[in-house]
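Here is what each chain is made of, one letter per residue.
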There are 2 protein chains.
Amino acid sequence: MKRYALAIHGGAGLIRRHGLTPEREAACERSLRRILEQGEGLLAAGAAAVDAVEACVIALEDDPLFNAGRGAVFNGRGEIELDAAIMDGRDRGAGAVAMVRTLKNPVRAARAVMTDSPHVLLVGAGAERFGSARGLEQVEPGWFATEERRAQLERARAQDMVLLDHDAEELDVYGTVGAVACDTHGDVAAASSTGGMVNKRPGRVGDTPLIGAGTYAWNETAAIAGTGHGEPFIRLGACGRVSALVELAGLSLDEAAERVIADLEALEGRGGIIAVDRTYALALPFNTGGMFRGAVSHREPAFVAIW
Amino acid sequence: MKRYALAIHGGAGLIRRHGLTPEREAACERSLRRILEQGEGLLAAGAAAVDAVEACVIALEDDPLFNAGRGAVFNGRGEIELDAAIMDGRDRGAGAVAMVRTLKNPVRAARAVMTDSPHVLLVGAGAERFGSARGLEQVEPGWFATEERRAQLERARAQDMVLLDHDAEELDVYGTVGAVACDTHGDVAAASSTGGMVNKRPGRVGDTPLIGAGTYAWNETAAIAGTGHGEPFIRLGACGRVSALVELAGLSLDEAAERVIADLEALEGRGGIIAVDRTYALALPFNTGGMFRGAVSHREPAFVAIW
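No experiment lies behind these values; they were computed from the predicted model shown.

Rules behind the numbers
Residues numbered from 1 in each chain as written. Chains lettered and ligands numbered in written order. Predicted model: local features only at pLDDT ≥ 70, side-chain atom pairs only at ≥ 80, totals over all residues. Heavy atoms only, no water. Contact = heavy atoms within 4.5 Å. Buried area = accessible area lost by both parts, 1.4 Å probe. Salt bridge = Lys/Arg side-chain N within 4 Å of Asp/Glu carboxyl O. Polar contact = N/O pair within 3.5 Å; in protein donor to acceptor, adjacent residues only side chain to side chain. Helix = DSSP H or I, 4+ residues; strand = E, 2+ residues; numbered from the N terminus. Nonpolar A, V, L, I, M, F, W, Y, C, P; charged D, E, K, R; others polar. pLDDT = per-residue confidence, 0-100. Least-squares fit on C-alpha atoms with pLDDT ≥ 70 in both.

Trainee: I'd like to hear about the interface of chain A and chain B, residue by residue, with values.
Mentor: In this assembly, 38 residues from chain A lie in contact with 38 residues from chain B. Taken as a group, A:R201, A:R235 and A:L248 account for 20% of the area that chain A buries against chain B, more than any other trio of residues on that side. Viewed at the interface, chain B and chain A are joined by four salt bridges. Across the pair A:R259 and B:E247 runs a salt bridge whose closest N-O atoms are separated by 3.6 Å. Between the two partners, chain A and chain B, sit 14 residue pairs in polar contact (both at pLDDT 80 or more). Elements represented by at least two residues in the side of chain A that touches chain B include exactly strand 3 (93-100), strand 4 (121-123), helix 4 (124-133), strand 8 (204-205), helix 6 (230-236) and helix 7 (238-249) of chain A. No other element matches the six residues that helix 7 of chain A contributes to the side of chain A that touches chain B. Taken together, the residues of the side of chain A that touches chain B sort by class into 22 nonpolar, four polar and twelve charged.

The structure is reproduced here in C-alpha cells:
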C-alpha cells in the first residue's frame, strides 16, 4: 500500500462564528477539500513531499479566500507584500522570499531560491529579479487585490488597528497558508505563504519566510508549518522548536506540537501548527478560536474543519 | 564582587596569515581590546546586558576594520545593505532590521524595533522610515563605504565570486560582528550586525538578522551570536539550537556550542559562535582558520585573539 500523509491550513485566528457567513464557511471548506484532494492525488501517485506541499501552497495562493497570493491583505500603505518559504526534509535545503509584489506565486520563488541559488532568503526587488530571471510568472500588483481586502483595509484604518487578515470585528484570522507532507519514500517537506497583517507597517516581515520560525522540515524529526501572530513564533523559533523537542527531548510529534502551542501562550502568542513526521503521524493543534485546516493520510480519509 | 561576562567577535573565516598584514592584525586586536574594555566597564558599573551588547556592536559598526556599519562590504550592485539584530534574554524580546542603507547604526534600529514596535523584523525602506521617525541618525549611503571595500568588490567581480568579507585570496573572513553578555543581575543578551557578503546578490539576507539563526538570547539557557556562512546557520537554526541543546538535552554551554559547530559542518557550514550563560560561562568555538574575538569576565582578564 502507498503510504503518505498531508496536512494543509488556510490560517488560524480568533474566528468568530458570527463574522463568518455560512456561505463563506462552506466555500472555505470546499477550497480546502479540493486542495487537499489534489495534494493527496500527487502523493498517492508517488510525488515527492516537496512537490506536493509546493502544489498545495500554489493552489492556496491562487484562491482569493485565503491571505496569500491572490486575496492577500493590504499593508498600511495600501500595498500588498508577500512572503513564502519552503523546506525539504531530506537535506534541510530551504528557500524563502519576502516582500515580493509582482511574483504570482511566491512559493515558486521560494522553491527556486532553494534549488537554484546558494542563498536561503531573498527580499524585495532582488527576489523579484531572481524569480523573473528564472521565468516565474509576474503580474501587476493589482492582480493580487480583491475588493473584500480593500474594504478590510479601510475598516482597519478607521480603527487604526493592525489586523491579521480577518482580524478584530469580523474573523480575527491570522492569515497564512501552509502545507506539510510525508511522501511514499518517508521524506517530509513544509511550505508556507502569506500576505501578512492587514494595515501592517510596510517592511514588516513575519514568521512565514523565516526558516525555524514559521516553516521547518527535517526527515529526522518532522515537517512543520505555523500560522498565527508572527512575532511570538519568531521569538520562540516555534517550528524549529517542534523539531528540537522531537529530536532532543524525545517527545512524540503530538506532544511536541502541543508543547510549542503552550510555549507560544507564555509569550502571549496565538496561532496554530500543522506537522507531520516520517511515521505519517499528523498533529494540528491551535489555541485560537479556529483554524482553517485539512488533513489526509493513507490511514485516514480526508477531513476539513475550521472550529 | 560584581559578576559579569562578555564576549565579542569581528567575524570568522578562512583567514590566511599571509593575507592579514601584521599591521592590520595588530589594528584589529587593538580595536577588539578597546571595545571589550568599553563593554566591561559598562557591565562592571551595573549596566544591563542588553545595553552592553548594543554598545559593543555600535562600536564595532563604527570601526571600519569590521564588516558592519562603516566598512561594510558592497553587494553585487555596488550598494551596501546592512542587517542587525538584538535579543534580550529576560523576556526573549527581539528586534531586527535588514537591508537598511542609511541608518548609521543598524543595531540601534534593531533595538528600537524591539522596544518601540510590536514587530520583530523590519526590512528596507520601512525599517529606515521607522528608525528615522525615532530620531536615529541617518547618513548618506556613501558614509559606510571605504576604499578598501571598493577594491575588494572589484576583485570579487573580476573573479565572479561571492565573497564573505575578506574571502578567497586574502582573508576569507565571513564578516559579521556580535556581542553576548551576562550582567550583574544574571540577565543575558545578544546582538549582531553585518554588511553581508562581498558581491552578494541584492536582497540576499543572511542569518544575522534572523532570530534563532544568527542571534538568540534566553535567560534560561544562554545568549548566542553566530558568524560565518549564513545559509547553513539559517537551515540549522544554529543559535537557537545552542539554546535548545542546553535546555532540552542538558548539555553544558561549551558542549552545546561545540555540537552546533559540528552540526554546521554536516551542512558544510563554516563559522563560529560566541555564547554566554547566566553562570557566566563563556564559549567561543569556530571551525574556520580564525575568528576575530575577545572575551572577559569577573573571573578572567580580557583576552583577544584571531587564530
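Trainee: Would you mind going over the confidence of the model for chain A in detail, with residue names and values included?
Mentor: Put simply, chain A has an average pLDDT of 91, and 93% of its residues get 70 or more. For this predicted complex, the interface confidence reaches an ipTM of 0.93, while the overall pTM sits at 0.94.

Trainee: So what's going on with the relation of the copies chain A and chain B? Residues and values would help.
Mentor: Between chain A and chain B, the superposition needs a rotation of 180 degrees and an axial shift of 0.0 Å, giving an RMSD of 0.0 Å. Seen this way, the second copy is the image of the first under a two-fold rotation axis. It is A:L248 whose C-alpha, among those of chain A, lies nearest the rotation axis, at 2.9 Å. Looking at chain A, 100% of its interface residues are interface residues in chain B too, so the copies touch through the same face.

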